[in-house]
Amino acid sequence: MDKQENQFPQFGLCLNNEGYDASLEVGKVYRVIQDNEAASHGYIRVIDESGEDYAYTINRFHLIQLPSAVEKALLDASPR
């Protein structure tokens, strides 16, 4: 992993699940998958409740940086 990739927010806090009640929970932290193509169109790719990664509009999330120990624990627990 290069330095730039390390600085990419790997988690997003869900702010809006309208229309995606089964896929997203408001207030839950989701793992973000870096996808520059999706981002160029205003989308963010996250691993949602299905355990798969899907693209959602960026305004549904607040990207967050977590302390490295917390980030490592969440990444270790993540299905990917």
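Further up the page is the structure itself.
Residues numbered from 1 in each chain as written. Predicted model: local features only at pLDDT ≥ 70, side-chain atom pairs only at ≥ 80, totals over all residues. Heavy atoms only, no water.

## Some details on the side chain of Arg60
By the element assignment, Arg60 lies in the loop between β4 (53-57) and β5 (61-64). One buried charged residue, Arg60, remains without a salt bridge, the closest side chain of opposite sign being Glu18 at 6.4 Å. Each residue touching Arg60, except ones within four places of it in the same chain, is listed here: Leu13, Cys14, Leu15, Asn16, Asn17, Glu18, Tyr20 and Leu24. (Helix = DSSP H or I, 4+ residues; strand = E, 2+ residues; numbered from the N terminus. Buried < 20%, exposed > 50% of the residue type's maximum accessible area, 1.4 Å probe, protein only. Lys, Arg positive; Asp, Glu negative; His and termini not counted. Salt bridge = Lys/Arg side-chain N within 4 Å of Asp/Glu carboxyl O. Contact = heavy atoms within 4.5 Å.)

## Regarding the sheet that holds strand β1 (residues 11-14)
Hydrogen bonding along the main chain pairs the strands of a sheet, whether they run parallel or antiparallel. On the basis of which strands lie adjacent, the open sheet formed by five strands has the order β4-β3-β2-β1-β5 and antiparallel pairing. Taken across any chain shown, the strands that pair with only one partner, and hence form the sheet edges, are β4 and β5. Between one strand and the next, the sheet's axes are offset by a mean angle of 45°, whatever the strand orientation. Bridge analysis of strand β2 (residues 29-33) against strand β3 (residues 43-47) gives two bridges, and the strand direction is antiparallel. Residue pairing for β3: Ile33 is matched across the bridge by Arg45. (Pairing = 2+ DSSP bridges. Axes fitted to C-alpha atoms, helices over the stretch in contact; angles between N-to-C directions.)

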